[in-house]
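Residues per chain are reported as follows:
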Amino acid sequence: MATPGRLRPFPLGYLGLDAASLTEALADKLVHDIGKDGTHATDRDWLHAVIRAVRDRLIERALETERAYAAAGVRRVYYLSMEYLLGRALGNALLNLDFEEETRAALAAYGRELEALEGLEEDAALGNGGLGRLAACILDSMATLRLPGYGYGIRYEYGLFRQRIENGEQVEYPESWLRYGNPWEFPRPERLYPVHFGGRVESYRDAAGRLRFRWVDTEEVIAMAYDLPVPGWRTNTVNTLRLWGAKASRELDLRAFNAGEYVRAVERKIESEKLTAVLYPDDTTERGRELRLRQEHFFVSATVQDILARFRQEHGDDLARLPDKVSIQLNDTHPALAIVELLRLLLDEHGLDWDTAWDLTRRTCSYTNHTLMPEALERWPVALMERLLPRHLQLIYEINRRFLEEVNHRHPGDVTRLRALSLIDEEGGRSVRMAHLAFVGSHRVNGVARLHTRLMRETLFRGFHELWPERIVNVTNGVTPRRWLHHANRPLASLISSRIGHGWVGALEQLARLEPAAEEAAFREAFRAAKRACKARLADLVRERLGIAIDPDSLYDVQVKRIHEYKRQLLNVLHVVTLYNRLRADPHYEPAPRTVILAGKAAPGYRVAKLIIRLIHDVAAVVNADPAMRGRLRVVFVPNYDVTTAEDIIPAADLSEQISTAGTEASGTGCMKLGLNGALLIGTLDGANIEIREAVGEGNVFTFGLDADAAAALRANGYHPRARYEAEPELKLALDMIRGGHFSPGEPDRYAALVESLLARDRYLVLADYTDYVACQQRVAEAWRDPDGWSRRAVLTVARMGRFSSDRTVRDYAERVWGVRPVPHE
Ligand code: 26V
């Protein structure tokens, strides 16, 4: 029987990338997909019609891409991430297809404006912060580099919460991004996998008399696939992001329906479908939430089954070839159970012996670590695992037993070492250390910036590194220039292209060709004009949304990221208060008119982070209301920071605040987006800042504060924040004002405990870095007074950011971790 693989040519021919075909397609989509005519269609209907027409063009390419991969029989990369911060997709797809002008023209024929429709698209926020956005950038780069890469994730119905500010406080609202449906996705109601929970483990002897295990009496939830197209930049490659949604198992109906309990049966169905309802909004603190563990297992079980199904369809049952054909990348430990699930399937379903199964598993998996912060390292209580995943726990014990035997063999009798390396933490209620599991189950483990990787080797994974010195490698993060410059910053992108052509969009190293332009007055002038346009646009947005007037000619001083103590938004606030005091004290002091812009979400359960948001608002209210600050200082908090808001703010920034305590920020990627958009860096020697400084040159960045070694030494030798406070009058004044209610007269004690905790402990060394930071900000202000010198440095910053493209990052992974190569096709 002929298999209808390639329908060639497509029954209707390939869909055209010209305005005339699109004009026709739009009418067709509007009537036949949306069910409206021109008179009744809303803007959102038109948006969905455009997306459907674009999706049609992408899916043809996606099918061709998949056929090319299958024909080449190459190794595929599977990127497993619990989070993807995708943002809007239309603008990006049109640019990648080079189809924007045609679309604008086709819409104009119907009296619609492309930008207005783009503004209606939902921002897909299936992630928390840097880790989720990195996953999205990596997908973009895999497709652009024509690598056979698949993303896997969860189709949460509620993505990250919407942040509203009410009386200066963060209030969270659910964000139902699917409320109008997702016109991009292809539901695959036939791509279903059962996922099991609970039950117990039985042993038996197989035909050959070997001891085997069976996981029985489980509950079952079904995973259903939803596919999203991931287009590459100006290539026909369109990869796939497959997201899993939970569906109730059929089994569930039959049993209860037969018992006649209809309503309860439906309730139980709904209960199991809740599994993928909501994204966990916690950036760092793991609360022992059972549903989260269920989500992790659901995700990896469906994914591993799907990967094995594709492998077997293509390569048959010879599982020995698995590592040659499959590479699984774990985005942090959230999907680390994939290691155990793969092992389990190889042992229990495919009958392999332990040594073979474990060897195949380890050669297939690799793991990226994104944080060293102890409270962000996942641990699951053994008791919970025992109840939810008894077979997996058994396997983890066996992995651990064999691993510790190996450690003991190399370091006989070193009990301290065994305890430190064990996958099981025996302290305070036993738990599984997921980072240890991920490490032993991977052939490569990577950090995300050079310093971070060094600290991994020296601290968190020290003992592991001694055992396997080849395993830890560095892959410095990057960001996609398509979204973060070409799409988000048209004025600057056009200026760059007018000078060096537009090859840089797909090959960011080419930005180096801008270097000579930094020395040309006319180019610097044009650069300032481009920046000014972005700043004016942001000023409009801030006026509309917040009713605050900001001056596009002031220095835009920007800190945008999740709110966290280690990222030190508090240090920024202390500088603002100091500046405010200096300006008040001397009406003639004119360092540089400054607009301090902050944005970011706090985890809903993170009280201090929410208090920091409130403090920012309280300080902003006082500063912005003070007539003496007019034309000199403004403070703005832009609510609901997401990918779309980032695209509005980042192009407008002059100064990029990357001021985490050295040794705490694994990499940071905001620093790269801001640098690419010509913001100068003010930062500590932390994460990727170090590599950025190296790339753009010391003279073009503002660095301050303790480095990671000095910070560690200070802590080790006894740090006394109160002494800093006593010794530094401006710091004392700022803290006294905050503590005494100067910014919260209605509730003078609002920040008393916050300030006390800084004085007593100051875990992130805010006070230790204060003086140097304020002095550094003064150097910034002086530099700003020379606009030409500033733009020279800004142009050089842009020109030297080439290394921070996620294309480079993905090439590094392809080479050092995955062992995959591009698959070109027509
Ligand atoms: C932990 C948890 C715990 C359970 C609830 C959900 C959740 C979500 C995320 C995390 C860990 C977050 C780790 C993270 O986002 N790291 C960031 O990764 C960026 C990309 O590598 C990097 O640039 C940032 O420096 C790093 O903080």
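Whatever comes next refers back to the structure up there.
Reading the values: the criteria
The written sequence of each chain sets the order in which its residues are numbered from 1. In view of the model being predicted, local features appear only for residues whose pLDDT reaches at least 70, and side-chain atom pairs are presented and counted only at 80 or more, with totals across whole chains, interfaces and linings using the full set of residues. Where side-chain values are given, they derive from all heavy atoms of the structure, hydrogens and water being excluded. The helix count covers DSSP runs of H or I at least four residues long, the strand count covers runs of E at least two residues long, and both are numbered beginning at the N terminus. A simple rule labels every residue: compare its accessible area, found with a 1.4 Å probe on the protein chains alone, to the largest value its type can have, and call it buried under 20%, exposed over 50%, or partly exposed in between. Contact definition: two residues touch when any of their heavy atoms are within 4.5 Å. Using the Shrake-Rupley algorithm and a 1.4 Å probe, accessible areas are obtained, with residue cover drawn only from the displayed protein chains. What makes a salt bridge here is a side-chain nitrogen of Lys or Arg within 4 Å of a carboxyl oxygen of Asp or Glu, nothing more. Strands qualify as paired when DSSP identifies two bridges or more between them. Whether two aromatic rings pair depends on their centres lying within 6.5 Å, for rings of Phe, Tyr and Trp, where Trp uses its six-membered ring; planes under 30 degrees apart make the pair stacked, over 60 edge-to-face, and the rest tilted. Think of it as a cone above the ring: NZ of Lys or CZ of Arg counts as a charge over the ring if it is within 6 Å of the ring centre and within 35 degrees of the ring normal. Angular values range over 0 to 180 degrees, each being the angle between N-to-C directions of two axes fitted as lines to C-alpha atoms, with helices fitted over their stretch in contact. In what follows, roughly perpendicular refers to angles from 65 to 115 degrees, roughly parallel to angles under 35, roughly antiparallel to angles over 145, and oblique to any angle outside these ranges. For this classification, the nonpolar set comprises Ala, Val, Leu, Ile, Met, Phe, Trp, Tyr, Cys and Pro, the charged set comprises Asp, Glu, Lys and Arg, and every other residue, Gly included, is treated as polar. Definition of a polar contact: a pair of N or O atoms within 3.5 Å, with one able to donate and the other able to accept a hydrogen when the atoms are protein atoms, and with sequence-neighbouring residues admitted only if both atoms are side-chain atoms.

With respect to the overall build of the protein chain
Phase 1 of the analysis: Within the protein chain, the regular secondary structure consists of 33 helices and 24 strands.
Phase 2 of the analysis: Seen along its three principal axes, the alpha-carbon backbone of the protein chain occupies a region of about 90 × 75 × 55 Å.
Phase 3 of the analysis: Counting the 826 residues in the protein chain, one finds 60% classified as buried.
Phase 4 of the analysis: Residue pairs at least 24 apart in sequence account for 77% of intrachain contacts in the protein chain once pairs closer than 6 positions are excluded.
Phase 5 of the analysis: Working note: accessible area of the protein chain is about 31,500 Å², and carbon and sulfur atoms make up 51% of it.

Let's talk about the pattern of salt bridges
Phase 1 of the analysis: This model, assessed by the stated rule, comprises 81 salt bridges.
Phase 2 of the analysis: The shortest N-O distance in the salt bridge between glutamate 290 and arginine 294 comes to 3.3 Å. Taken as a pair, glutamate 290 and arginine 294 lie in helix α9 (residues 290-315) at a separation of 4 residues, close to a single helical turn.
Phase 3 of the analysis: Note on glutamate 290: relative accessible area 25%, which makes it partly exposed.
Phase 4 of the analysis: Among the residues examined, arginine 294 registers a relative accessible area of 16% and is labelled buried.
Phase 5 of the analysis: One salt bridge connects aspartate 348 with arginine 391, and the closest N-O pair in it is separated by 2.7 Å. Taken together, the positions of aspartate 348 in helix α11 (residues 337-349) and arginine 391 in helix α14 (residues 390-410) put the pair 43 residues apart, joining distant regions of the chain.

Concerning the sheet that holds strand β14 (residues 379-381)
Phase 1 of the analysis: Spatially, 3 strands are ordered β14-β16-β15 in an open sheet, and the strand pairing comes out antiparallel. In this open sheet, the two edge strands, each paired with only one partner strand, are β14 and β15 (424-425).
Phase 2 of the analysis: Relative to strand β16 (residues 431-433), β14 runs antiparallel, the two sharing 3 bridges. Residue pairing for β16: arginine 379 is matched across the bridge by arginine 433.

Here's the deal with the packing of aromatic side chains
Phase 1 of the analysis: Counted under the stated rule, the structure contains 17 aromatic pairs.
Phase 2 of the analysis: Grouped by ring-pair contacts, the aromatic residues Tyr367, Phe403, Phe439, Phe461, Phe464 and Trp468 constitute a single cluster.
Phase 3 of the analysis: Against the face of tyrosine 556 rests lysine 535, its NZ or CZ located 4.7 Å from the ring centre.

Section: the sheet that holds strand β4 (residues 149-154)
Phase 1 of the analysis: Taken together, 9 strands build an open sheet; the order of strands is β7-β10-β11-β4-β1-β12-β13-β17-β18 and the sheet is mixed. Looking at strand neighbours, the two that pair on one side only are β7 (186-197) and β18 (472-474), the edges of this open sheet. Recorded for the sheet is a direction-independent mean angle of 25° between the axes of neighbouring strands.
Phase 2 of the analysis: As paired elements, strand β1 (residues 76-80) and β4 share 4 bridges and run parallel to each other.

Concerning the packing of helix α20 (residues 490-500) against helix α21 (residues 521-546)
Phase 1 of the analysis: Packing of α20 against α21 brings their axes to within 8 Å, and their N-to-C directions diverge by 155°. Taken together, the axes of α20 and α21 lie roughly antiparallel to each other. Residues Pro491, Leu492, Leu495 and Arg499 of α20 touch α21, and the partners they reach there are Phe523, Ala526, Phe527, Ala530, Ala533 and Cys534.
Phase 2 of the analysis: By residue class, the composition of the contact of α20 with α21 is 9 nonpolar, no polar and 1 charged.

Here's the deal with the environment of aspartate 551
Phase 1 of the analysis: Topologically, aspartate 551 is positioned in the loop between α21 and β19 (555-560).
Phase 2 of the analysis: Using a relative accessible area of 38% as the deciding quantity, one classes aspartate 551 as partly exposed.
Phase 3 of the analysis: Separated by 2.8 Å, the side chain of aspartate 551 and the backbone nitrogen of aspartate 553 make a polar contact.

What about the pairing of strand β10 (residues 219-231)?
Phase 1 of the analysis: Buried residues dominate β10, accounting for 12 of its 13 residues.
Phase 2 of the analysis: Relative to β10, β7 runs antiparallel, the two sharing 9 bridges. The residue bridging tyrosine 193 from the neighbouring strand is alanine 223, located in β10.
Phase 3 of the analysis: Here β10 pairs with strand β11 (residues 238-248) via 11 bridges, running antiparallel. Across the sheet, residue isoleucine 222 finds its bridge partner in β11, namely lysine 247.
Phase 4 of the analysis: Remark: 6 residues form the turn of the hairpin made by β10 and β11, two consecutive strands paired antiparallel; arginine 234 in that turn has positive phi of roughly 50°.

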